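Working through the structure, step by step
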Amino acid sequence: MNKNNTSTDRRIIIYILSFVFVGSVQGIFIKLQSKSYKTVLDYPFKHPFFQCFLMFIGESICIFLWLFKKNHYLSQVNNNNKSPNKLLFLIPTFCDIIATVLLNISLFGLSASTFQMLRGGVILTTCLLSYLFFKRKPKNF
């Protein structure tokens, strides 16, 4: 076996484990945030929109990584150097915001473990709709 393949395999395993860990911690922290404000301020904290806003601020930090890797990525993907229509990104972004708000609303009545399973259902639903509407099979990545 090639030494480069084993280091790549280790890196992939580390990525997967870190995604699972961070995703689990996020669900637990959102649940704790909802409960802690209820007990500390003695006022029910039911603001899933604020929780989603904080999450999207954290996700938007990824734009710096995109700007850093943009030229390399576009040279590999787009051989004709056409830039994709930026308005097309609004549709999946809007759907993701709606899904995240609905998931955070459901967290008020569900346990964190059920919330995690519902969050995984978003990925399955996306793959299913992509297959049905666009006739595209999901890729491994």
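Residues numbered from 1 in each chain as written. Predicted model: local features only at pLDDT ≥ 70, side-chain atom pairs only at ≥ 80, totals over all residues. Heavy atoms only, no water.

**Some remarks on the overall build of the protein chain**
Spelled out, the test is: A helix here means a DSSP run of H or I that spans at least four residues, while a strand means a run of E at least two residues long, and both kinds are numbered starting from the N terminus. Relative accessibility decides the category of a residue: with a 1.4 Å probe and only protein chains considered, values under 20% of the type maximum give buried, values over 50% give exposed, and everything between is partly exposed. Here, residues are in contact when the closest pair of their heavy atoms is within 4.5 Å. A 1.4 Å probe and the Shrake-Rupley method give the accessible areas. Residues count as covered only by the protein chains that appear here.
When you go through the protein chain residue by residue, the secondary structure sums to five helices and zero strands. Starting at the N terminus and walking to the C terminus, you meet the elements of the protein chain as α-α-α-α-α. Evaluated residue by residue, the protein chain yields a buried proportion of 13% over its 141 residues. A separation of at least 24 residues holds for 58% of the contacts in the protein chain among residues at least 6 apart in sequence. Only carbon and sulfur atoms are counted for the fraction: they give 70% of the accessible area of the protein chain, which is about 12000 Å².

**Let's talk about the environment of F49**
Here F49 shows up in helix α2 (residues 48–60). Measuring from C-alpha to C-alpha, the distance between F49 and I98 comes to 9.8 Å, with 49 residues separating the pair along the chain.

**A word on a nonpolar patch on the surface**
The condition that has to hold: Like-charged residues are merged into a patch within 9 Å and nonpolar side chains (Val, Leu, Ile, Met, Phe, Trp, Tyr) within 5 Å, provided each residue has over 30% relative accessible area and no salt bridge. Take a side-chain nitrogen of Lys or Arg and a carboxyl oxygen of Asp or Glu: if they are within 4 Å of each other, that pair is a salt bridge.
A cluster of nonpolar side chains, contributed by L128, L129, Y131, L132, F133 and F134, occupies part of the molecular surface with about 670 Å² of accessible area. In this structure, Y131 sits in helix α5 (residues 112–134). Residue Y131 is classed as partly exposed on the basis of its relative accessible area, which comes to 42%.

**What to know about unusual backbone geometry**
Most peptide bonds take the trans configuration, and most residues that are not glycine carry a negative phi. For K135, which is not glycine, the phi dihedral falls at a positive 55°. Topologically, K135 is positioned in the segment after α5. Given the relative accessible area of 65%, K135 is considered exposed.

**Concerning the packing of aromatic side chains**
As a reminder of what qualifies: The aromatic pairing rule takes the rings of Phe, Tyr and Trp, using the six-membered ring of Trp, and pairs them if the centres are within 6.5 Å, calling planes under 30 degrees apart stacked, those over 60 edge-to-face and the rest tilted. We call a charge positioned above a ring when the Lys NZ or Arg CZ atom is no farther than 6 Å from the ring centre and deviates by at most 35 degrees from the ring normal.
Applying the stated criterion across every chain, the model contains zero aromatic pairs. Against the face of F134 rests R136, its NZ or CZ located 5.7 Å from the ring centre.

**Overview of the packing of helix α4 (residues 90–106) against α5**
Just so we agree on the cut-off: Between the N-to-C directions of two axes lies an angle of 0 to 180 degrees, each axis being a line fitted to C-alpha atoms and, for a helix, fitted only over the stretch in contact. These descriptions rest on fixed angle ranges, namely under 35 degrees for roughly parallel, over 145 for roughly antiparallel, 65 to 115 for roughly perpendicular, and the rest for oblique. Crossing chirality is assigned from the near helix's rotation relative to the far helix, an anticlockwise turn below a right angle marking it left-handed and a clockwise turn marking it right-handed. Residues were grouped as follows: Ala, Val, Leu, Ile, Met, Phe, Trp, Tyr, Cys and Pro as nonpolar; Asp, Glu, Lys and Arg as charged; and all remaining residues, including Gly, as polar.
Across the interface, α4 lies against α5 with an axial gap of 10 Å and an inter-helix angle of 160°. Relative to α5, α4 is oriented roughly antiparallel. As α4 runs across α5, the sense of the crossing is right-handed. Where α4 approaches α5, its residues L103, N104 and S106 are matched on the opposing element by F115, L118, R119 and V122. Residue composition of the contact of α4 with α5, grouped by class: four nonpolar, two polar and one charged.

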